[in-house]
Amino acid sequence: MSDTRPDIPTGAATPAGPAVPGGATPAAGPGPAVVRGLEEALAASDAPMRTRGLSCFFSKHHAVDSVSLDFPANSVTAIIGPSGCGKSTYIRSLNRMHELVPNASTRGAVLLHGQDIYQRGADPVAIRQSIGMVFQRPNPFPTKSIADNILAGPRFTRMKLSRTDRDDLVERTLRGAGLWGEVKNRLHAPAGGLSGGQQQRLCIARALSVEPDVLLMDEPCSALDPQSTLRIEDLIQELKARLTIVIVTHNMQQAARVSDFTAFLTITNEGEPGRLIETGPTARIFSAPDDPQTEAYVAGRFG
């Protein structure tokens, strides 16, 4: 069970303003004055989701240690770090999917609009409706139709929709995922007949169908070809106009292309939990990080 305490530490990591506009090379990002202004604006903003002193465990194994991060509205935050540092565990704790693993637990707080999603009485189903998730490999319901994949979430949450409402929802979410033009004439065909990239965009559309505030993406392009990856990255840029997006990625170029902020997690010594080392605007993290461990990782010297 989660142990959420009133004296949760606030941590030292404070992300700051966006970088790499339009996919520019990170080193050529905004100048110090621009970044500083964005940092000041962010400091005064109300991020829709925050974690405070969040630690994650698998039974007695301490996987992630006391991570405090803010996720600003209408932005993309990339979480990077070497394999085994707890990136996926951390992101799965953000909508209470971590607790679905036997003997898994958390300590600390995940705040959505100021409310701790781990507080007593919180409804995990409602939380996952507000904080959607897309996984590493596309996982549509393969024998269900494309339309029924979209409607699965609203049906599960018992949304009452008329036939017209259902049709509008299917079209709206498929358009939002950049898929409508490719599938509008085969909405009743099995989703398993789509390509890998189309299936992943269908999964994004399925997550959007319940109108989440936050979208979590755990290595969403790792199983896709370069062309499909580019489409997903373009889609991420479109979606952030109305969502807060958190993406875990091993691909440094992808983090530089799609994210406004970057958070670097790592394990200092074998057997220790993953810890947040540094976070900030993506341009600064990739061109002038404060911590030598961050510099070594983004330069490819380890990981």
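Everything discussed here concerns the structure shown above.
Bear in mind the structure is a predicted one, so any value in this text is a computation, not a measurement.

Trainee: Give a detailed account of the packing of aromatic side chains, specifying residues and quantitative values.
Mentor: Inspection of the entire model under this criterion finds 1 aromatic pair. Taken together, a centroid distance of 5.1 Å and an interplanar angle of 25° make the contact between Phe264 and Tyr297 stacked. Placement of Phe264 in strand S9 (residues 261–266) and of Tyr297 in helix H11 (residues 292–298) is noted, with a sequence separation of 33 residues between them. Overall, the relative accessible area of 0% leaves Phe264 in the buried class. One residue, Arg206, lies across the ring of Phe141, its end atom 4.8 Å from the ring centre.

Trainee: Please give an account of the pairing of strand S4 (residues 104–112) that cites residues and values.
Mentor: The element S4 is extensively covered by neighbouring structure, given that 7 of its 9 residues are classed as buried. Two elements, strand S1 (residues 49–58) and S4, share 8 bridges in a ladder whose sense is antiparallel. Along S4, the bridge assignment pairs Ser55 with Arg107. With 2 bridges joining them, S4 and strand S5 (residues 115–116) adopt antiparallel strand pairing. The residue bridging Leu111 from the neighbouring strand is Asp116, located in S5.

Trainee: Lay out the nonpolar core in plain terms, naming residues and giving numbers.
Mentor: With 42 residues, the main nonpolar core has Leu174, Ile204 and Leu215 as its most contacted residues. Setting aside chain neighbours within four positions, we find Leu174 in contact with Ile146, Ile150, Leu179, Trp180, Val183, Leu187, Leu202 and Ala205. Within the second largest apolar cluster, 28 residues are counted, among which are Ile91, Leu94, Ile131 and Leu216.

Trainee: Give me the lowdown on the packing of helix H4 (residues 146–156) against helix H7 (residues 196–208), citing residues and values where you can.
Mentor: Following both chains from N to C, one finds H4 and H7 inclined at 35°, their axes separated by 7 Å at the closest point. Crossing geometry of H4 relative to H7 is assigned as right-handed. On the side of H4, the interface is formed by Ile146, Asn149 and Ile150, while H7 contributes Leu202, Ala205 and Arg206. When the residues that make up the contact of H4 with H7 are grouped by side-chain class, the tally is 4 nonpolar, 1 polar and 1 charged.

Trainee: For H7, give the residues involved together with the corresponding values.
Mentor: Because each turn of an α-helix spans 3.6 residues, side chains separated by three or four positions in sequence point in the same direction. If you check H7, its first and last C-alpha atoms are 19 Å apart, about what 13 residues at 1.5 Å a residue would give, namely 18 Å. Within H7, 12 of the 13 residues are buried, leaving the element largely enclosed by the surrounding structure. When H7 is considered as a whole, its buried residues turn out to be Gly197, Gln198, Gln199, Gln200, Arg201, Leu202, Cys203, Ile204, Ala205, Arg206, Ala207 and Leu208.

Trainee: Go over the layout of surface pockets with me, naming the residues and quoting the values.
Mentor: Empty space within the largest pocket amounts to approximately 610 Å³. Forming the boundary of the largest pocket are 20 residues, of which Arg128, Met133, Gly153, Phe156 and Arg206 lie nearest the centre. Taken together, the elements giving at least two residues each to the lining of the largest pocket come down to helix H3 (124–130), strand S6 (131–134), H4 and H7. For the lining of the largest pocket, the element with the most residues is S6, which contributes 4 residues. Looking at the lining of the largest pocket residue by residue, the class counts come to 12 nonpolar, 6 polar and 2 charged.

Rules and cut-offs
Residues numbered from 1 in each chain as written. Predicted model: local features only at pLDDT ≥ 70, side-chain atom pairs only at ≥ 80, totals over all residues. Heavy atoms only, no water. Phe/Tyr/Trp six-rings, centres within 6.5 Å; stacked < 30°, edge-to-face > 60°. Helix = DSSP H or I, 4+ residues; strand = E, 2+ residues; numbered from the N terminus. Buried < 20%, exposed > 50% of the residue type's maximum accessible area, 1.4 Å probe, protein only. Lys NZ or Arg CZ within 6 Å of the ring centre and 35° of its normal. Pairing = 2+ DSSP bridges. Core = buried A, V, L, I, M, F, W, Y, C linked by side-chain atoms within 4.5 Å. Contact = heavy atoms within 4.5 Å. Axes fitted to C-alpha atoms, helices over the stretch in contact; angles between N-to-C directions. Left-handed = near helix turned anticlockwise from the far one by under 90°. Nonpolar A, V, L, I, M, F, W, Y, C, P; charged D, E, K, R; others polar. Expected span 1.5 Å × (residues − 1). 1 Å grid on protein atoms, 1.4 Å probe; cavity = no way out; pocket = protein on both sides within 12 Å on 5 of 7 lines; lining within 4 Å. Points joined across faces, edges and corners; volume = space filled by probe spheres on them.

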